[in-house]
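# Per-entry structural report
As a plain string of letters, each chain reads:
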Amino acid sequence: MAQAQNSSNLEEEVLVTGYRASLLNSTAAKRNSVGFSDEVFSDDIGKMPSQNLAESLSRIPGVRIEREVTGEGQQISVRGLGPEFTKVVMNGNSISVASDGSLGSGQKGRQVDLDMFPPELFSSLAVNKTSSAQQVEGGVSGYVNMRTIRASDMGDGSHFRVGLEGAYNEMSGETSPKYSFLYGYDTEKFGVLAGIVGKNSKSRTDGFESVGNYQDGCVAHWYDAVDDDDQPLGRKSGCIGNTEGREGYYQSTGANTFNYTDIATADYAAAHPGVNVGDQLDLNAVSGLTDEQLDNMKLPYIGRPMYTYGDRDSLSMILSAQFRPNENIEASLDILRAEADRSFVRNELVNIYRRNYLQYGLAWIPENIQLNDDGVVQSGTFYNNRAWVGSRAYEEELTYTSIMPSLHWQISDVFVMDLSGSRTESDFDRDEPYLLYYSAPGVMTHDYNSKMPTVTHSVDVASAGSGWTFGAGPGTEGDAYQAGDFRFQRNARTTETTSFKADFALGEDADISGIKFGVHWDENISDTTGFTGGDDWNNRVRSSDLNDNFANYVIDSPITDLTGKGVQGIASVNWGAVKDAVDYDNFVPDSSAGGDQFGSTIGDIEEKIFAVYVEGNSESEVAGRPFRTNFGVRLVDTEQTISANGLTKTSDYSRILPSFNAVYDVTESFKVRGSASRSLTRANPSSMFPSAAWNGSGVDEVAVGNYQLQPFESTNFDLGGEWYFGDLGYVGLNYYQKDITGFVKPRDRQIPLNEVQAAVEALGYDFEVSEDSLTDIQLAAVADCGGIEEGTCMTNISDDVNIEGVTTLTGWEAIWVMPLDFLVQGLGFNASMNKIDQDASDPDGEIFGISDTTNFTAYYENFGFQTRVTYTLQEGTETGGGWSPLLADDRAQLDLSASYDLPMFSDYNVTVSLDAYNLTNEPMRSVFESDGNTFNLRYPGATYTLGIRASF
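Residues numbered from 1 in each chain as written. Predicted model: local features only at pLDDT ≥ 70, side-chain atom pairs only at ≥ 80, totals over all residues. Heavy atoms only, no water.

In terms of regular secondary structure, the chain is built from nine helices and 52 strands. Within the chain, the fraction of its 952 residues that count as buried is 55%. Sequence-distant contacts in the chain: of pairs separated by 6 or more residues, those separated by 24 or more amount to 71%. For the chain, the accessible area works out to roughly 37,900 Å², and carbon and sulfur atoms hold 52% of it. (Helix = DSSP H or I, 4+ residues; strand = E, 2+ residues; numbered from the N terminus. Buried < 20%, exposed > 50% of the residue type's maximum accessible area, 1.4 Å probe, protein only. Contact = heavy atoms within 4.5 Å. Areas by Shrake-Rupley, 256 points an atom, 1.4 Å probe, with all protein chains shown as cover.)

This is the structure we're talking about:
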């Protein structure tokens, strides 16, 4: 079994060994360490106490899990800060994975997706919540070191470890197979290990989504807009009572105004005897609302039930070699390769709460509308509704390769040298065509009486034969036509890291009493690219068969039991046929986008980082009791080269990062600990990409990127201790405080147009404001306000800056490990909790996503049988801003793990296991703070895994 590292280790570890023995090792390691240490151990190599590494780490107090839409843990947050503030390294070296984060929101930051790496190929995970000088900087909130497995971890001689399991997911109704194989051979001089893990994951997720809080409605009427010379500008629609200025110009209300019509449609006439198509209606009488209520009643912006389904094939391989020519030297080489291909479809039924424009024949007739006190629709019927489906066919490819050589040399009894190098490469490609299409007109009812709106349609939105068209079709007022939308969306990301570390230790046991020092060098590169189709793509779509015969490409919904109320399925498309219709596979995009499909600016960043450190460890006595300290300082210099939109900028900065850790044995069983440190996290590259351009067609705003953003910095304090009772049990309590600076916020400055050029150039960009550089539309806008020099034109310069305020996080962590052998041999529990608060001197420094967490595990282990029941609670928290602040619901997850060692195969250590994950199908839900209505709601389902493992 793998044992806890030596007593000088300052890190919090997740090691793999038997569960009860792992708790024993955890207690011993915590008892003997200098710094704060909370450890989670698994019950066997490759079998973490959860589905993956991220979920295992969530057992540590103060660690919060970030989940993919499938419900699977993906990233971790430590002590309230997001995943980008946690530094993740492998074998002590910097890494970067090019994955794009959660399906719902792409990321180009510093996060590392932990679901990329299978636990079978790792010997330990070590978490440190406070800093020591020898750690690679970059984590304000935490530091995670993933150690790959080596032959020496498996023991002397030849050893095999094999595993086979199948995971059944309730939502998908399918089983996902997984296999693993490890072989290790270790002697006094040589060690070699080879391993492979393969998995085919089949998933399905149901849910409901919004984009923003609410949009307002308006009563829409046709009008003919004219210019100053009474020349027609084209037939348009506008909202009653919203006229501004000259005739024909209207100011819409709401985020994206939806329209009503007072002309009876066919479905309305059919439901109301005596009414004929084309009759004019009294909308006040029909809806039961006043004009003001009609103009301001609210529905969610893009409220849509949705589902995704598909699979992900992953294959990971490891090769490790060790050479020990004598007892003082060990050279190692660790190579890891991971690949993942993901293919899935996502369908969204947009209950047209936007873009139901009158000119396209989409305006509603609202009937019997019930509003709450805030003007939000609680129930009602809407005639002339055309359901709008968005279908996406994702194809993703992700690769990761790392090559890490290292050398350990005990030069003398008191001098040790450790050298290590690393080269990692990762590539990610996502192809995401997005096709939108409309059903035939029908009646929609809306009833907000549960966690998500219950919406019904008279048209069978799950059927292929419901009049689906590629576009809304001609309206009743003239030849207006809303064409279909087929978006070409593709993005790619490549990351590379290169590092070298030289670490030295002076002293017989420098971790106890001695000096450690070293030099570290890192180069980190991240390149992102986005593509759109441009005019060539639009022309290809317009000339395809999709426009005239779209119904031939629609298929019945593959999902007929959609979770929720009202809609049981959503008609899909035959994506193979759709792609053939536009010759998709042979299309080469000719335009590179400045942003991705999530609206984020993309670009490239290269960082060169040089650091030196020194730290000292000492052991003494105070009042006759042991007192140990660790003190160090790290000097780091960073050079950044950042490119975007054809511009390249450079910046550099240096920081000094001190750290101190101490532990005092008040008694043999009671220890008090303290820690103080300074740490940093570099700014998100997507906030730094250089750009300076007019935002829009006028001269109202210039958007500027800030390549000189400084890093986030934190001053950290910890105080706590533990009381130990026996070899296994203890209780611990820690208090921590983080004073964080450097948060980024948008800045807007209104200045005269004739000062804009100088102001932008002062920010480091070439920018011309003259008659020669402005477009005709801009020149017309300038003329309206009197010209560039003498006029009254005002321009807003928008950029991001570091705020000067301080955000203080304070929190309490508690852990209780309690064996209950005095009741039943092998029975016990371990529990932990984290309580966290914040105080921001500047409101823009408020941290989203912090929450209190609680974990409780009850276990029994005896006679070859072991079982664990784990309860995890993440309390609700504010998760973001935008149009309306959002809150995540409390989420409690219940997991069960059981295994039995087959006695008839004891020589092969054969174990059968059964795990039940998310037993209650707990959804992931966030709501609008203003009224508690749902923003996003997703049901990932429960997963049951049956497996068999052997080692010999």
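Structure shown, so let's carry the discussion forward.
Quick look at the sheet that holds strand 17 (residues 365–371) now. One open sheet holds the four strands; their spatial order is 17-18-22-23, and the pairing between them is antiparallel. At either end of the open sheet lies a strand with only one pairing partner, and these are strand 17 and strand 23 (454–457). Each neighbouring strand pair of the sheet contributes to a mean axis angle of 10°, computed without reference to strand direction. Where strand 18 (residues 377–385) and strand 22 (residues 442–447) come together, five bridges link them in antiparallel fashion. If you follow Gly380 over to strand 22, its bridge partner there is His446. (Pairing = 2+ DSSP bridges. Axes fitted to C-alpha atoms, helices over the stretch in contact; angles between N-to-C directions.)

The full count for this structure, using the stated rule, is 35 salt bridges. Where Arg682 meets Glu137, a salt bridge forms, and the shortest distance between an N and an O atom there is 2.9 Å. Of this pair, Arg682 sits in the loop between strand 35 (670–681) and strand 36 (692–694) while Glu137 sits in the loop between strand 6 (122–128) and strand 7 (142–148); the two residues are 545 residues apart in sequence, bridging distant segments of the chain. Looking at Arg682, the relative accessible area reads 5%, which means it is buried. The class of Glu137 is buried, set by a relative accessible area of 7%. The salt bridge partner of Arg490 is Asp431, with a shortest N-O separation of 3.0 Å. Placement of the pair is Arg490 in strand 27 (residues 490–509) and Asp431 in strand 20 (residues 415–431), with a sequence separation of 59 residues. (Salt bridge = Lys/Arg side-chain N within 4 Å of Asp/Glu carboxyl O.)

This next bit is on the environment of Asp311. Relative to the elements of secondary structure, Asp311 occurs in strand 15 (residues 304–326). A residue is classified by how much of its surface remains accessible, and Asp311, at 26% relative accessible area, is partly exposed. Along the backbone, Asp311 and Lys202 are 109 residues apart, and their C-alpha atoms lie at a distance of 4.3 Å. Ignoring anything within four residues of it in the chain, the contact list for Asp311 reads Asn200, Ser201, Lys202, Asp341, Arg342 and Ser343.

Spatially, four strands are ordered 36-37-41-40 in an open sheet, and the strand pairing comes out mixed. Each end of this open sheet is capped by a strand with a single partner; those strands are strand 36 and strand 40 (744–752). This sheet shows a mean twist of 25° between the axes of neighbouring strands, independent of strand direction. Where strand 36 and strand 37 (residues 701–704) come together, three bridges link them in antiparallel fashion. The residue bridging Trp694 from the neighbouring strand is Val702, located in strand 37.

Taken as a whole and judged by the stated rule, the model has 36 aromatic pairs. Taking the centre distance of 4.6 Å and the plane angle of 50° together, the rings of Trp364 and Phe382 count as tilted. Within this pair, whereas Trp364 is found in the loop between strand 16 (329–350) and strand 17, its partner Phe382 is found in strand 18, the two being separated by 18 residues in sequence. Taken individually, Trp364 and Phe382 each receive the classification buried, so the pair is uniform in this respect. Linked through ring pairs, Phe486, Phe488, Trp537, Trp575, Tyr584 and Phe587 together constitute an aromatic cluster. Lying over the aromatic face of Phe344, Arg342 brings its terminal NZ or CZ to 4.2 Å of the ring centre. Over the aromatic face of Tyr434 sits the side chain of Arg392, whose NZ or CZ is 3.8 Å from the ring centroid. (Phe/Tyr/Trp six-rings, centres within 6.5 Å; stacked < 30°, edge-to-face > 60°. Lys NZ or Arg CZ within 6 Å of the ring centre and 35° of its normal.)

Located in the positive-phi region is Asn91, a residue other than glycine, with phi close to 50°. In this structure, Asn91 sits in the loop between strand 4 (86–90) and strand 5 (93–94). Notably, Asn384 is not glycine yet its phi reads approximately 65°, a positive angle.

With that settled, the discussion passes to the nonpolar core. The biggest cluster of nonpolar side chains holds 37 residues, and the ones touching the most others in it are Leu57, Met90, Ile95, Phe117, Met146 and Tyr400. Residues contacting Ile95, with those up to four places away along its chain left out, are Val88, Met90, Val112, Phe117, Met146, Tyr400, Met404, Thr424 and Thr497. One finds Val461, Phe470, Val567 and Val578 within the second-largest nonpolar core, a separate group that totals 31 residues. (Core = buried A, V, L, I, M, F, W, Y, C linked by side-chain atoms within 4.5 Å.)

To continue, consider the pairing of strand 8 (residues 157–169). Where strand 8 and strand 9 (residues 174–186) come together, 13 bridges link them in antiparallel fashion. Residue pairing across strands places Asn169 opposite Glu174, the latter belonging to strand 9.

Once that is clear, we can look at the environment of Ile570. Residue placement: Ile570 occurs in the loop between strand 29 (554–555) and strand 30 (572–573). We classify Ile570 as buried; its relative accessible area is 0%. The spacing of Ile570 and Gly390 is 180 residues in sequence and 9.8 Å in space, taken between C-alpha atoms.

Here the focus is the side chain of Glu432. Inspection of the secondary structure assignment puts Glu432 in the loop between strand 20 and strand 21 (434–438). Judged by its relative accessible area of 2%, Glu432 is buried. Of the polar contacts made by the side chain of Glu432, one reaches the side chain of Arg392; its length is 2.9 Å. (Polar contact = N/O pair within 3.5 Å; in protein donor to acceptor, adjacent residues only side chain to side chain.)

It is worth spelling out a negative patch on the surface at this point. Negative charge collects at one region of the surface, where Asp313, Asp341, Glu395, Glu397, Asp427 and Asp429 lie side by side. At the level of elements, strand 19 (388–412) and strand 20 are the ones that each hand at least two residues to the negative patch. For Glu395, the position within the fold is in strand 19. Assessed through its relative accessible area of 38%, Glu395 is described here as partly exposed. (Patch = residues over 30% accessible without salt bridge, like charges linked within 9 Å, V, L, I, M, F, W, Y side chains within 5 Å. Lys, Arg positive; Asp, Glu negative; His and termini not counted. Charge placed at Lys NZ, Arg CZ, Asp CG, Glu CD.)

This paragraph deals with the side chain of Ser422. Locating Ser422 in the fold gives a position in strand 20. Every residue in contact with Ser422, bar those within four places of it in the chain, is listed here: Asn93, Ser94, Ile403, Met404, Pro405, Thr497, Thr498 and Ser499.

Below, the discussion takes up the confidence of the model for the chain. When pLDDT is averaged across the chain, the result is 84; 87% of the residues are at 70 or more. Contacts for the low-pLDDT stretch residues 475–481, under 50 throughout, to residues beyond four places or in other chains number 15 contacts. (pLDDT = per-residue confidence, 0-100.)

Of the pairings in the sheet, the one linking strand 42 (residues 807–819) to strand 43 (residues 827–840) comprises 13 bridges and is antiparallel in character. Paired with Trp812 across the two strands is Lys835, which belongs to strand 43. As judged from the eight bridges shared by strand 43 and strand 44 (residues 853–862), these two strands associate in the antiparallel manner. Among the inter-strand pairings, Asn830 is bridged to a residue of strand 44, identified as Thr857.

The end-to-end C-alpha distance of helix 1 (residues 19–32) is 20 Å, a good match for the 20 Å that 14 residues give at a rise of 1.5 Å each. Those residues of helix 1 not exposed but buried are Tyr19, Arg20, Ser22, Leu23, Asn25, Ser26, Thr27, Ala29 and Lys30. (Expected span 1.5 Å × (residues − 1).)

In this structure, Tyr183 sits in strand 9. The exposure class of Tyr183 is partly exposed, given its relative accessible area of 25%. Tyr183 sits 29 residues away from Met154 along the chain, and the two C-alpha atoms are 8.8 Å apart. Residues in contact with Tyr183, not counting those within four places in the same chain, are Met154, Ser158, His159, Phe160, Val192, Leu193 and Ala194. A polar atom in the side chain of Tyr183 sits 3.1 Å from the side chain of Ser158.

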